[in-house]
Amino acid sequence: MIRQRCINCGKRVEWVILGINLSLFFVKGSFALISHSKSLLTDSFQSMANFIITLVVIASMRLAARDADKRFPYGYGKVEFLASGVVNMSLMLAAIVFILFSFFEMVMVGPEKPPKLIAIVAAAISIIANMLAYRYGRCAGEKLGSTVILANAEVSRADVGTSIAVIVAVIGCNMGFSSLDHIVAIAIGAMIIKVTWDGAKKAINGLMDVSLRSEEVHILNMVEDIEGVRRVEDVKVRLAGRRLFVDMNVFVGGDVILSAALETVAKIKNILPRKIKSVSEVSVQLLPVTPVEAHRRSPDKAENK
Amino acid sequence: MYIELSKVMSEKTKCARCATRTSWIGLWDSLFLAIFKGVIGILTRSRALTASALYSLHDVISGIAVLVGLKISTSPADKKHPYGHGNVEYIVSVFTSVLILGATIYLVADCIRIVFMGEHAPPHWAALGAAVVSVIANEVIYHFNICAHKQLNSPALHAHGKHHRADAISSLVVAIAIIAGMMGYRSLDAIVAIFEAGHLIFLSIELLYQGGCGLVDRAIKESDISLIRQIVSDMPDVRSIKNIKTRQIGRTVWVDLHISLPLNKTITQVNEISEKIRQNIDKKIKYLGNVNIVCE
């Protein structure tokens, strides 16, 4: 069971992160103007980007909580995958562009006047705030099993990395290593790409309805033990956000009458959500045991259409 | 008479061949123009030409999404993907529209900066040349498409043709902006770029929305659902329809049908009824993927 405290936390967490990002944008932006630090300015833009991403996340969570309607008969759960996919993809693109820019600047422009040390203060504030936001988001995301909150927490962590890079760059530039700024920036960009790649892969798997093998085997074994069930085939489990949809073909004796078979189905529908907590819908297709091939459209036929 | 008929037939097949070839040529043409205009636009710093290149890129990508959809949507379901691979088509269009949106927003920001700062790059002959090449190439392909459309009456070809026409017109505007820039109206380049980018943002958001809806399992058209409802309720044994859930995986339509049947039927009879329902739906609905019939 998910605790009530965690549910409340999940409702609040994105708003907290939203506030943190907006204030960080203003703090870093103003410090960047005072200290003439280019890297801090880029960092403040990243906070702005995080602010926008968090807005998308909030909107998607609102949408995902809606009930199924006529237009979307399976509910809006997959909006979470979609949002986390889009967020991760755009972040990855931003990181790639960021790396290219840093590289060209390093090669073409060369050393500039080092920024003032006051930039470090803003970067330190940013590190602490983002670290807290990351821990908070990660806790809520794991407890609620929400990929989108987790993806957004990763975004905060990536921001910690860039702020550390800013400190290293500011100190390094003042000590005379003028290209350190860019080298660190490229390394951070590579890290962001790795994190977002993993997140995007997860979201795409969800959107493609990738099968969940362990759940499928678990359900198959459970249902085959139920009285009246002769055989179970084609157990398909798909994830729509936080909810699980289960499809299966259950074989019963050919001479069993429908009312008896429906009792078996009721048993299945009763047991599954109790054993696996996220199961929200179970659809059981009843089939007779004897004519094995008659029950299902063959794949070749579907292809020829 | 016979000779005449065979001549007409060969004309028709020639047109069909021409049509498939035209769509391929259209794709390669857009790809070439995207790269050509993009490189020259960046080198000559003509923002309008760069926006026009993004426009061509958008064409390429929507073309590729269609091809990918045709190839992958039909590859059968496997163990890892029990519902098939149809959603790849949507994912391609979502990803690419995000890509184009990012590039376009960056371009708009850059143009606004230019207009306010007044840092206009001097226009270059190469940019004008690229724009003119784009106008001619797109206009030629438009005529091929329209010719094939008239012979074969295919709406897809007509839509493609109009797309290339629009691309030709936008390139023409770019060419005019560059000529105006040579005569001294230098801010026109950035302004044209902003308008083109605005249209492109609109198109990308539409593509993103359509792909997103598909990925979140939107139901099929209302009219198709009521058609299914009609077919099922016409079956003699079906007492009532509890629910019809549909979703589209790429091109294929998946249906979950919740019906109630007389309780004294045996499962063998239930299966026969289901099979008949399936066949009847299969006759009416194109690209049917699977029908799941659940008794309640």
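Here the residue numbering is sequential within each chain, running from 1 through the sequence in written order. Whichever chain is written first becomes A and whichever ligand is written first becomes 1, with later ones labelled in order. Local features are withheld for residues below a pLDDT of 70 in this predicted model, meaning they are given only at 70 or higher, and side-chain atom pairs are given and counted only at 80 or more; totals for whole chains, interfaces and linings count all residues. In computing side-chain properties, one takes all heavy atoms of the structure into account and sets aside hydrogens as well as water.

Caption draft 1: The overall build of chain B, seen in detail. Strands here are runs of E lasting at least two residues and helices are runs of H or I lasting at least four, both read from the DSSP assignment and numbered beginning at the N terminus. Each helix and strand in chain B was counted, giving eight helices and three strands. When the helices and strands of chain B are read in sequence order from the N terminus, they spell out α-α-α-α-α-α-α-β-β-α-β. Against the 2.2 N^0.38 benchmark of 19 Å for 296 residues, chain B shows a C-alpha radius of gyration of 26 Å, more extended than a compact globule. Residue contacts follow a heavy-atom distance rule, with two residues in contact if any of their heavy atoms lie within 4.5 Å. Summarising the internal contacts of chain B: among those between residues at least 6 apart in sequence, 71% fall at separations of at least 24. Surface exposure here means Shrake-Rupley accessible area, sampled with a 1.4 Å probe, where a residue is shielded only by the protein chains that are shown. Carbon together with sulfur atoms contributes 67% to the accessible area of chain B, which is approximately 15,000 Å² in total. Both definitions apply: the radius of gyration is a C-alpha atom measure, and the globule rule equals 2.2 Å times residues to the power 0.38.

Caption draft 2: View of the overall build of chain A. The number of helices and strands found in chain A is nine helices and three strands. Taken from the N to the C terminus, the helices and strands of chain A come in the order α-α-α-α-α-α-α-β-β-α-β-α. Radius of gyration (C-alpha) of chain A: 26 Å, far over the 19 Å computed for a compact globule of 305 residues. For chain A, buried positions account for 49% of its 305 residues. Sequence separation of 24 or more characterises 75% of the internal contacts of chain A that already satisfy a separation of 6 or more. Summing over all exposed atoms, chain A offers an accessible surface of approximately 15,000 Å²; the carbon and sulfur share of this is 65%. Residues scored as charged are limited to Lys and Arg (positive) and Asp and Glu (negative), so that His and the chain ends carry no count. All charge positions are set by atom: Lys at NZ, Arg at CZ, Asp at CG, Glu at CD. Looking at chain A, you have 36 positive and 27 negative side-chain charges, and the mean spots of the two groups are 6 Å apart. The cut-offs for exposure are 20% and 50% of the maximum accessible area for each residue type, with area from a 1.4 Å probe on protein chains only; residues under the lower value are buried, those over the upper are exposed, and the others partly exposed.

Caption draft 3: Region of interest: the packing of aromatic side chains. All names here are of chain A. Two rings belonging to Phe, Tyr or Trp (six-membered ring only in the last case) form a pair when the distance between their centres is within 6.5 Å. Interplanar angles under 30 degrees mark stacking, angles over 60 mark edge-to-face geometry, and anything in between is tilted. In this structure the tally under the stated criterion is four aromatic pairs over all chains. The interplanar angle of 55° and the centroid separation of 5.3 Å between the aromatic rings of phenylalanine 25 and phenylalanine 26 together place this pair among those described as tilted. A relative accessible area of 54% places phenylalanine 26 in the exposed class. With a centroid separation of 4.9 Å and 45° between ring planes, the pair formed by phenylalanine 72 and tyrosine 76 is classed as tilted. On the accessibility criterion, tyrosine 76 (6% relative accessible area) is buried.

Caption draft 4: Structural view of the environment of Val98(B). As for its placement among the helices and strands, Val98(B) is situated in helix H3 (residues 88-117). Once the C-alpha coordinates of Val98(B) and Gly250(B) are considered, the two residues, 152 residues apart in sequence, prove to be 19 Å apart.

Caption draft 5: Here's a closer look at a nonpolar patch on the surface. All names here are of chain B. On the surface, a nonpolar cluster with roughly 1,200 Å² of combined accessible area is contributed by Ile112, Val115, Phe116, Trp125, Ile179, Met182, Met183, Tyr185, Leu188, Ile191 and Phe195. Mapped by element, the contributors of at least two residues to the nonpolar patch are H3, helix H5 (155-182) and helix H6 (188-215). Among the secondary structure elements, leucine 188 is positioned in helix H6. For leucine 188, a relative accessible area of 31% translates into the label partly exposed. Here the term patch refers to residues with relative accessible area over 30% and no salt bridge, with like charges joined within 9 Å and nonpolar side chains (Val, Leu, Ile, Met, Phe, Trp, Tyr) within 5 Å. Any carboxyl oxygen of Asp or Glu within 4 Å of a side-chain nitrogen of Lys or Arg constitutes a salt bridge here.

Caption draft 6: Main features of the interface of chain B and chain A. On the chain A side, the residues contacting the 54 residues of chain B number 51 residues. By convention, the term buried area covers the 1.4 Å-probe accessible surface removed from two parts as they join, with the contributions of both added. Overall, the association of chain B and chain A removes approximately 4,800 Å² of surface from exposure, summing both partners, and the carbon and sulfur fraction of that is 59%. By the criterion of area lost to chain A, the three top residues of chain B are Tyr83(B), Val216(B) and Ile267(B), representing 15% of everything that side buries. The interface formed by chain B and chain A contains four salt bridges. Across the pair Arg247(B) and Asp209(A) runs a salt bridge whose closest N-O atoms are separated by 3.0 Å. We define a polar contact as two N or O atoms separated by no more than 3.5 Å, with the added condition that, inside protein, one atom must be a possible hydrogen donor and the other a possible acceptor, whereas residues neighbouring each other in sequence contribute only through side-chain atom pairs. Our enumeration of links across chain B and chain A arrives at 18 residue pairs in polar contact (both at pLDDT 80 or more). Mapped onto the side of chain B that touches chain A, the elements with two or more residues apiece are H3, H6, strand E1 (240-249), strand E2 (252-260), helix H8 (267-284) and strand E3 (288-295) of chain B.

Caption draft 7: Main features of the confidence of the model for chain A. Residue and element names in this part refer to chain A. On a scale of 0 to 100, pLDDT captures the predictor's confidence in every residue. Residues at a pLDDT of 70 or more form 91% of chain A, whose mean pLDDT is 79. Summarising per-element confidence for chain A, the mean pLDDT is lowest in helix H9 (residues 299-304) (39) and highest in helix H4 (residues 119-144) (88). Counting contacts from residues 292-305, a segment whose pLDDT is below 50, to residues more than four positions away or on other chains yields 22 contacts.

Caption draft 8: Region of the structure containing unusual backbone geometry. Residues and elements named next belong to chain B. Residue arginine 45 is not a glycine yet carries a positive backbone phi of 60°. For arginine 45, the position within the fold is in the loop between helix H1 (2-44) and helix H2 (47-73). For aspartate 217, which is not glycine, the phi torsion reads 65° and is therefore positive. For aspartate 217, the location among the structural elements is in the loop between H6 and helix H7 (222-234). In this structure aspartate 217 comes out as buried when scored by relative accessible area, which is 2%.

Caption draft 9: Layout of the environment of Lys162(B). By secondary structure assignment, the location of Lys162(B) is in helix H5. Separated by 19 residues in sequence, Lys162(B) and His143(B) have C-alpha atoms that sit 9.8 Å apart.

Caption draft 10: Highlighting the pattern of salt bridges. Under the criterion given, the structure shown has 15 salt bridges over all chains. The partner of Asp198(A) in a salt bridge is Lys194(A), and the shortest N-O contact between them spans 2.9 Å. Of this pair, Asp198(A) and Lys194(A) are both found in helix H6 (residues 180-207), four residues apart, which corresponds to roughly one turn of the helix. Looking at Lys194(A), the relative accessible area reads 53%, which means it is exposed. Residues joined by salt bridges that share partners form a network here, namely Lys78(A), Asp209(A), Arg238(A), Asp217(B) and Arg247(B).

Caption draft 11: Region of the structure containing the packing of H7(B) against H8(B). All names here are of chain B. It is the contact of H7 with H8, at a shortest axis distance of 10 Å, that shows an interaxial angle of 145°. In terms of crossing hand, the pair formed by H7 and H8 is right-handed. Only Ile277, Asn280, Ile281 and Lys284 of H8 make contact with H7, whose side of the interface consists of Leu227, Ile228, Ile231 and Val232. Working convention: axes come from line fits to C-alpha atoms, limited for helices to the stretch in contact. Angles between N-to-C directions cover 0 to 180 degrees. A clockwise turn of the near helix away from the far one marks a right-handed crossing, whereas an anticlockwise turn of less than a right angle marks a left-handed crossing.

Caption draft 12: How the structure looks around the side chain of Asn152(A). Its place among the elements puts Asn152(A) in helix H5 (residues 147-175). When residues no more than four places from it in sequence are discounted, the contact partners of Asn152(A) are Glu14(A), Ile17(A), Ile53(A), Thr54(A) and Val57(A).

Caption draft 13: Representation of the sheet that holds strand E2 (residues 243-252) of chain A within the structure. Residues and elements named next belong to chain A. Pairing within the open sheet is mixed, and its three strands lie in the order E1-E2-E3. With one partner strand each, in any of the chains shown, strand E1 (231-240) and strand E3 (279-288) form the two edges of the open sheet. For this sheet the average axis-to-axis angle between neighbouring strands, irrespective of direction, equals 15°. A pair of strands counts as paired when DSSP detects no fewer than two bridges linking them. Judged from the eight bridges that link them, E1 and E2 form a sheet pairing that is antiparallel.

Caption draft 14: Structural view of the confidence of the model for chain B. Per-chain confidence: chain B averages 80 in pLDDT, with 91% of residues scoring 70 or above. This prediction of the complex comes with two scores: 0.74 for pTM and 0.72 for ipTM.

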